[in-house]
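# Analysis of the macromolecular model
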Amino acid sequence: NIKGISIDREDDATVYLTVNGGESWHKFVLWAISQNYGGIENLSLIPGNVGTCPIQNIGAYGVEVKDVISKVEAIEIDSKKLVSFSNEDCNFGYRDSIFKNGYKGKYVIVAVSFKLSKREHNLKISYGAIATELERVNIKEATIKEVSNAVIAIRKSKLPDPKEIGNSGSFFKNPVISKEEFNLLKNKFPAIPGYVISEIEVKVPAGWLIEQSGFKGKRFGNCGVHEKQALVLVNYGKASGTEILTLASKIKERVKENFNILLDIEVNII
């Protein structure tokens with residue numbers, strides 16, 4: 001519940017902010033955009049608070065929050081001491097951080113500091129359907145606000161609202177495979193999408209793999225796979241954690257059989 005946003009320092013091009021952990025992530029994104037602070041517009045409409053964003057290293061549409069985090073402040077539960085973690089200290093990875101693994105359950109994040117741009121924003125619109133959505137609304141030279149609006153429209157069109165149906169967003173990580181593996185799959189499955197992330201690696205949308213494996217929109221008792229986004233598992237109201245994990249295991253097995261790719265669960269199992 002700790003609220004507040006403060007500007008630590010700024011120059012003509014950059015602003016350094018500290019945001020307390022209880023602030024709504026999406027409201028912070030909208031506030032930043034209203035101030036013309038860029039760098040997090042692609043992360044619009046992600047549920048949760050600022051204090052949870054480093055744990056998962058939240059990301060969407062080609063942007064990860066680690067790209068803009070400069071510092072994380074946390075209380076060590078045992079000692080009650082305030083500890084400051086640099087970006088490097090957080091050991092960020094794809095949907096991962098030291099708070100999710102080595103320090104899991106040992107700290108309470110109370111504030112996160114960000115480095116955002118004030119001008120000449122580096123817009124990332126090539127990932128996913130952002131460019132298509134901007135073209136649909138006839139925008140040729142996008143602003144950070146228009147990129148945010150596009151992301152919000154895309155997410156609303158295919159992701160279920162947790163207030164309406166139980167879900168935890170993307171249940172699986174998008175797997176990263178070698179270019180050689182991807183090319184072999186491309187020969188066998190010409191329609192398979194992939195995003196080059198380095199000279200030797202390609203990221204494959206897990207939702208596509210799950211959909212091609214026949215799970216999209218299917219219900220299994222009290223849980224199932226969302227009809228518009230196969231990456232999201234949904235709870236129709238009475239499913240236990242065991243039922244959800246059983247379905248996740250079935251999906252992992254089928255995808256491994258079909259594509260020889262082992263999906264990793266993105267959510268934090270407690």
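What you are looking at is a predicted structure, and each value in this text was computed from that prediction instead of being measured. (Residues numbered from 1 in each chain as written. Predicted model: local features only at pLDDT ≥ 70, side-chain atom pairs only at ≥ 80, totals over all residues. Heavy atoms only, no water.)

### Looking at the sheet that holds strand E8 (residues 166-170)
Ordered by their spatial adjacency, four strands build an open sheet running E8-E14-E13-E12, and the pairing between neighbours is antiparallel. Each having just a single partner strand, E8 and strand E12 (219-220) make up the two edges of the open sheet. Note that strand E13 (residues 223-225) and strand E14 (residues 232-235) share three bridges and pair antiparallel. The residue bridging Val 225 from the neighbouring strand is Leu 233, located in E14. (Pairing = 2+ DSSP bridges. Helix = DSSP H or I, 4+ residues; strand = E, 2+ residues; numbered from the N terminus.)

### Regarding the sheet that holds strand E1 (residues 5-10)
Taken in spatial order, the five strands make up an open sheet running E1-E2-E7-E5-E6, and their pairing is antiparallel. This sheet does not close on itself; its edge strands, each paired only once, are E1 and strand E6 (82-86). Taking each pair of neighbouring strands and ignoring which way they run, the sheet shows an average axis angle of 20 degrees. The sheet contact formed by strand E5 (residues 69-76) and strand E7 (residues 107-117) spans seven bridges and is antiparallel. In the sheet register, Glu 76 faces E7, and the bridge partner there is Tyr 107. The sheet strands contacting helix H1 (residues 25-34) are E1, strand E2 (14-20) and E7, and the helix crosses E7 at an angle near 20 degrees. (Axes fitted to C-alpha atoms, helices over the stretch in contact; angles between N-to-C directions. Contact = heavy atoms within 4.5 Å.)

### Digging into the nonpolar core
The biggest cluster of nonpolar side chains holds 41 residues, and the ones touching the most others in it are Trp 25, Phe 28, Ile 40, Val 65, Phe 114 and Leu 116. At the level of secondary structure, the elements contributing two or more residues to this core comprise E2, H1, E5, E7, helix H3 (130-136) and helix H4 (144-158). What Val 65 contacts, discounting residues up to four positions off in sequence, is Trp 25, Leu 43, Cys 53, Asn 57, Ile 58 and Phe 114. One finds Phe 172, Val 202, Leu 247 and Ile 261 within the second-largest nonpolar core, a separate group that totals 28 residues. (Core = buried A, V, L, I, M, F, W, Y, C linked by side-chain atoms within 4.5 Å. Buried < 20%, exposed > 50% of the residue type's maximum accessible area, 1.4 Å probe, protein only.)

### Let's talk about the packing of aromatic side chains
Remark: the centre distance and the inter-plane angle together describe each pair of aromatic rings, the angle taken between the planes. Under the counting rule described, the total for this entry stands at 14 aromatic pairs. Their ring planes at 55 degrees and their centres at 5.8 Å tell us that Trp 208 and Phe 259 sit as a pair that is tilted. Of this pair, Trp 208 sits in helix H6 (residues 206-212) while Phe 259 sits in helix H7 (residues 241-259), and the two are 51 residues apart along the sequence. Of the two residues examined, Trp 208 and Phe 259, each falls in the buried class. (Phe/Tyr/Trp six-rings, centres within 6.5 Å; stacked < 30°, edge-to-face > 60°.)

### Comments concerning the side chain of His 26
If you trace the backbone, His 26 turns up in helix H1. A relative accessible area of 18% means that His 26 is categorised as buried. Of note is the side chain of His 26, whose polar atom sits 2.8 Å from the backbone nitrogen of Leu 45. If we ignore the near neighbours within four places in the chain, the residues touching His 26 are Ser 44, Leu 45, Ile 46 and Ile 152. (Polar contact = N/O pair within 3.5 Å; in protein donor to acceptor, adjacent residues only side chain to side chain.)

### Observations regarding the pattern of salt bridges
In total, this model carries eight salt bridges according to the counting rule given. One salt bridge in this structure joins Arg 119 and Glu 120, with 3.4 Å as the shortest N-O distance. The partner of Arg 136 in a salt bridge is Glu 133, with the nearest N and O atoms 2.8 Å apart. A residue pair is termed a helical-turn pair when its members lie 3 or 4 positions apart in one helix, as Arg 136 and Glu 133 do in helix H3 at three residues. Here the salt bridges share partners, and the residues they tie into one network are Glu 64, Lys 66, Asp 67, Arg 95 and Glu 266. (Salt bridge = Lys/Arg side-chain N within 4 Å of Asp/Glu carboxyl O.)

### Concerning the pairing of E2
Among the seven residues of E2, six are classified as buried, and the element is accordingly described as predominantly covered. Here five bridges tie E1 to E2, and the two strands are oriented antiparallel to one another. Residue pairing across strands places Ile 5 opposite Val 19, the latter belonging to E2. Counted along the chain from E1 to the antiparallel partner E2, the turn is three residues long. Pairing between E2 and E7: seven bridges, direction antiparallel. The residue of E7 that forms the bridge with Tyr 16 is Lys 115.

### Thoughts on the pairing of E5
The pairing of E5 with E6 spans five bridges and is antiparallel. The residue bridging Ile 75 from the neighbouring strand is Leu 82, located in E6. As consecutive antiparallel partners, E5 and E6 are separated by five residues, and within that stretch Lys 80 has a phi angle of approximately 65 degrees, a positive value.

### Digging into the environment of Lys 145
Along the chain, Lys 145 turns up in helix H4. Taking the C-alpha atoms as reference points, Lys 145 and Gln 56, separated by 89 residues in sequence, lie 25 Å from one another.

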